[in-house]
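Secondary and tertiary structure notes
One letter stands for each residue in the lines below.
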Amino acid sequence: MAPPRRPAAGRPLLSGAVTVPCPVPSATRRLFLFHHAGGSHLLYRGWESDFPPDWELCLLDAPGRGRLLGEPLIATSAGLVDFFLKELEQWTDRPFAFFGHSMGALIAYELTCRLVAEERPAPVWAGLSSCGAPRAPRVGSGPRRHEFTDVKLREWLRAAGGTPDAVLDQPGMWQAFGPVFRNDFALVDTWRPALPALRLPVALSAFGGADDAVVGRDRLLAWDRYSHRFHGPHMYRGGHFYLRDHHRSVITRIVEAVAAAIPAPAGPSPAGTSGPTDRTDRKTGNTP
């Protein structure tokens, strides 16, 4: 597949599901950002200005939103992983990392598993935000989000935050976006890992809001069973969409985690120093 044509300096690069707000042809690493259920790449708008100049940020859209508004929704995690595998094939020519929020974290994890299992280039690190580790399905717990009535679903979304009031209150807007929420919640609520559970060789970090009623700290901590190099959970004041208020702190942690995950150049370390270590911060509970 031919690489995407680079736009004129200062203009974003648009290629399929990928939006690169600030192209960096000589980038030393790429970060792929996956959005939440019902969302789009706009969740990460403006983030590129807070990363080092040699990073290239790639914001992703699932079909049915953003620039892919006219494309059919994908209702399963396996289908969405297949879609992104194809979309990202031309973008993995240098070290890269994943960061996903909520549904986006689920997809980032599943995509990492597929890349590792198929011995393709894999991310050096994956950040999983506001998404719990896989668990056994609950029995008799009542209707799931995609099965809610419109009234109950809008109430749930309003309580979780992150959805503009106009989408929830205006009938025309809800008619357009309601099916997207239901599709994505069905994907999340029925998710079962596509591959057997294994400890990934890829470093994982978990992030979350201390007041998140959807995903608690215990479910973030459970990710430590899925990687030999787990960090976190890194907790912030706020709910499910804590990162809207703390994105700069999250970015700092992303940059540090990716730097630690990329092997240092071969050669002896200066006397009295050591290279980066893969530390497991299982008791971290900071709330910046």
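Residues numbered from 1 in each chain as written. Predicted model: local features only at pLDDT ≥ 70, side-chain atom pairs only at ≥ 80, totals over all residues. Heavy atoms only, no water.

1. What about the overall build of the chain?
Scanning the chain for helices and strands turns up seven helices and eight strands. Out of the 288 residues belonging to the chain, those deemed buried represent 49%. Across the chain, contacts joining residues at least 24 apart in sequence account for 78% of those joining residues at least 6 apart. (Helix = DSSP H or I, 4+ residues; strand = E, 2+ residues; numbered from the N terminus. Buried < 20%, exposed > 50% of the residue type's maximum accessible area, 1.4 Å probe, protein only. Contact = heavy atoms within 4.5 Å.)

2. A few points about helix 7 (residues 243–261)
The terminal C-alpha atoms of helix 7 lie 22 Å apart, and with 19 residues this falls more than 12% below the ideal 27 Å at 1.5 Å per residue. A maximum bend of about 40 degrees is found in helix 7 at S249. Packing partners of the buried residues in helix 7 comprise strand 3 (29–34), strand 4 (55–60), strand 5 (96–101), strand 6 (125–129), strand 7 (203–209) and strand 8 (230–236). (Expected span 1.5 Å × (residues − 1). Bend = angle between axes of the 7 residues up to and from the residue.)

3. Here we look at the pairing of strand 3
The element strand 3 is largely enclosed, with a buried count of six among its six residues. Neither face of strand 3 is exposed, since R29, L31 and L33 on one face and R30, F32 and F34 on the opposite face are all buried. Pairing analysis gives five bridges linking strand 3 to strand 4, with the strands arranged parallel. Bridge pairing in strand 4 places L31 opposite L57. Where strand 3 meets strand 5, five bridges bridge the pair, whose relative direction is parallel. Bridge pairing in strand 5 links L31 to A97. (Pairing = 2+ DSSP bridges.)

4. Some points on the confidence of the model for the chain
Here the chain shows a mean pLDDT of 86. Residues at 70 or above account for 84%. Every residue in residues 266–285 scores below 50 in pLDDT, and together they form 27 contacts with partners more than four places removed in sequence or on other chains. (pLDDT = per-residue confidence, 0-100.)

5. Details of the sheet that holds strand 3
Judged by pairing direction, the sheet is mixed, and its eight strands sit side by side in the order 1-2-4-3-5-6-7-8 without closing on themselves. Looking at strand neighbours, the two that pair on one side only are strand 1 (13–15) and strand 8, the edges of this open sheet. Averaged over all pairs of adjacent strands, the angle between strand axes in this sheet comes to 20 degrees, irrespective of strand direction. Across the sheet, helix 2 (residues 103–117) is in contact with strand 3, strand 5 and strand 6; its angle to strand 5 comes to roughly 145 degrees. (Axes fitted to C-alpha atoms, helices over the stretch in contact; angles between N-to-C directions.)

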